[in-house]
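Chain by chain, the residues run as shown.
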Amino acid sequence: MSQQPLFICEEDVRSLLKWEEVYEAVKVALLSVAQSNENLSQPARSFTIASPQSGLLLTMPCYLGNYQLSSVSKDRNYDTLACKLVTCFSGNGSRTPALPKILGNIFLFNPDCGSLEAILEATDITSWRTACASLVATQCLYFDSHLRHEDVILSIVGCGVQGRMHSIGMCTTFPFTEIRLWNRTESRATELAEELKALVAQFKNPSIKITISNSLDNCLKNTDVIVIATSSHEPLIERHHLKDNVHINAIGAGEVHHAEIHQNVYDVAKVYTDHWEGARAELKDLKAEITGLVGEVLCQKKPSPSGGITIFQSLGMALEDATTAQLIFEKYKMTHG
């Protein structure tokens, strides 16, 4: 009799997530798509409309073979066959009890025989892998290539789920001296500031200054690294906000990934993304040349930027979910016998 697949709930997933380990898993995914890897398959995501409820099912399959997760084992290579399924039902908030609008699960299959090995609830995996893609991009597009200076300032534009995750991940990973928070509704920025103050002991710089900005101009003045994660349909960041050397992580929380940044920034910036297939589909209306992939910089196919304005246009991809899910699956088996 075949073994029943594991179900790893959100609470268990959350207990096993660590920044440096998810960083490594996401870096593996970003590198893999930039290299000529015969052990990789990542078809375009598919969309299925669930009528008459006006819901949406997104299907994101992928395969990655012969890769390492050194945080789990330095002596083993992994093969991951996975599919992330996401449903989006706009009316879920009005249900009794209310449900999240977006629900996701990642299915892990045995790559040798195809049997289902595990189902992982994916809300936290998605949040963490998205933030970690920005961490990898910030490392290779900013910290690896710019002259260091004493004060490095981080600005967070939009303090929702991704603004929160990026704030914690950035401060845990890099020695920022100040983090500035701005949100249209200031109370959300205030709540995040209080949470960050309670976490400073785990940050790279425990003496980091945490500031709530009363205007976008103040938030962006002389900043070095920006995370923008809003649902704005209109540009928020313009050229006059920025100094000459700055890195922007554009998360694209709205329907259009590049709506949050003005064209006059794209006109002078070097733009990087995570995978070409996603860029061709989701950035087809972007009026800017894409310089390359983050993974191409990591594997030195493309040179590191030596300065100027850089933008990481984050799209997300199934491979990031898959490598992170494999990490959690392996850790779960280790901790649960």
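Calculation notes
- Residues numbered from 1 in each chain as written.
- Predicted model: local features only at pLDDT ≥ 70, side-chain atom pairs only at ≥ 80, totals over all residues.
- Heavy atoms only, no water.
- Helix = DSSP H or I, 4+ residues; strand = E, 2+ residues; numbered from the N terminus.
- Buried < 20%, exposed > 50% of the residue type's maximum accessible area, 1.4 Å probe, protein only.
- Polar contact = N/O pair within 3.5 Å; in protein donor to acceptor, adjacent residues only side chain to side chain.
- Contact = heavy atoms within 4.5 Å.
- Core = buried A, V, L, I, M, F, W, Y, C linked by side-chain atoms within 4.5 Å.
- Expected span 1.5 Å × (residues − 1).
- Arc of directions from axis to C-beta.
- Phe/Tyr/Trp six-rings, centres within 6.5 Å; stacked < 30°, edge-to-face > 60°.
- Axes fitted to C-alpha atoms, helices over the stretch in contact; angles between N-to-C directions.
- Parallel < 35°, antiparallel > 145°, perpendicular 65-115°, else oblique.
- Left-handed = near helix turned anticlockwise from the far one by under 90°.
- Nonpolar A, V, L, I, M, F, W, Y, C, P; charged D, E, K, R; others polar.

Draft legend 1. Broad picture of the side chain of Thr80. In this fold, Thr80 is placed in strand 5 (residues 73-89). A residue is classified by how much of its surface remains accessible, and Thr80, at 2% relative accessible area, is buried. A polar contact of 2.7 Å, which involves the side chain of Thr80, links it to the side chain of Gln326. In this structure, Thr80 is in contact with Cys62, Tyr63, Leu64, Tyr67, Leu108, Ala322 and Gln326, ignoring residues within four places of it in sequence.

Draft legend 2. Broad picture of the nonpolar core. Core analysis: the largest hydrophobic core is formed by 75 residues, its most contacted members being Leu154, Phe176, Ile179, Leu181 and Val294. Per element, the largest residue contribution to this core is twelve residues, and it comes from helix 3 (residues 123-143). Once residues lying within four places of it in the same chain are set aside, the contact partners of Val294 are Leu30, Val136, Ala137, Cys140, Leu141, Tyr272, Thr273 and Phe312.

Draft legend 3. Structural view of the environment of Val26. If you trace the backbone, Val26 turns up in helix 2 (residues 19-34). Judged by its relative accessible area of 0%, Val26 falls in the buried class. Along the backbone, Val26 and Phe89 are 63 residues apart, and their C-alpha atoms lie at a distance of 28 Å. With residues up to four places along the chain from it excluded, the contact list for Val26 reads Arg129, Cys132, Ala133, Glu320, Thr323 and Thr324.

Draft legend 4. Representation of the environment of Phe203 within the structure. Within the element layout of this structure, Phe203 appears in the loop between helix 5 (186-199) and strand 10 (209-212). Through-space distance from the C-alpha of Phe203 to that of Ala189 is 19 Å; in sequence the pair is 14 residues apart. Among residues more than four places away in sequence, those in contact with Phe203 are Ile168, Cys171, Thr172, Leu196 and Ile208.

Draft legend 5. Quick look at helix 5. For helix 5, built from 14 residues, the straight-helix expectation of 20 Å at 1.5 Å per residue is met to within 8% by its first-to-last C-alpha distance of 20 Å. Where helix 5 is concerned, the buried positions are Ala189, Leu192, Ala193 and Leu196. Seen end-on, helix 5 carries its buried residues on one side only, within an arc spanning 105 degrees. Opposite its buried face, helix 5 presents the exposed residues Glu191 and Ala198, each directed more than 90 degrees away.

Draft legend 6. A look at the packing of aromatic side chains. By the definition in use, this model includes six aromatic pairs. Note on Tyr142 and Phe143: the rings are 5.2 Å apart at their centroids and 90 degrees apart in plane angle, and the pair reads as edge-to-face. Here Phe143 falls in the buried class, since its relative accessible area comes to 8%. Ring centres 6.0 Å apart and planes at 80 degrees place the aromatic pair Phe174 and Phe176 in the edge-to-face group. The exposure classification of Phe174 matches that of Phe176, with both residues buried. Through a chain of ring-to-ring contacts, three or more aromatic side chains come together here, namely Tyr142, Phe143, Phe174 and Phe176.

Draft legend 7. Quick look at the packing of helix 3 against helix 10 (residues 318-335). Close contact between helix 3 and helix 10 brings their axes to 10 Å; oriented N to C, the two are set at 115 degrees. The orientation of helix 3 relative to helix 10 falls into the category roughly perpendicular. The chirality of how helix 3 crosses helix 10 is right-handed. Mapping the contact onto sequence places Ile125, Thr126, Arg129 and Ala133 in helix 3 and Glu320, Asp321, Thr324 and Ala325 in helix 10. The class makeup of the residues in the contact of helix 3 with helix 10 is three nonpolar, two polar and three charged.

This is a description of form; function is not addressed.
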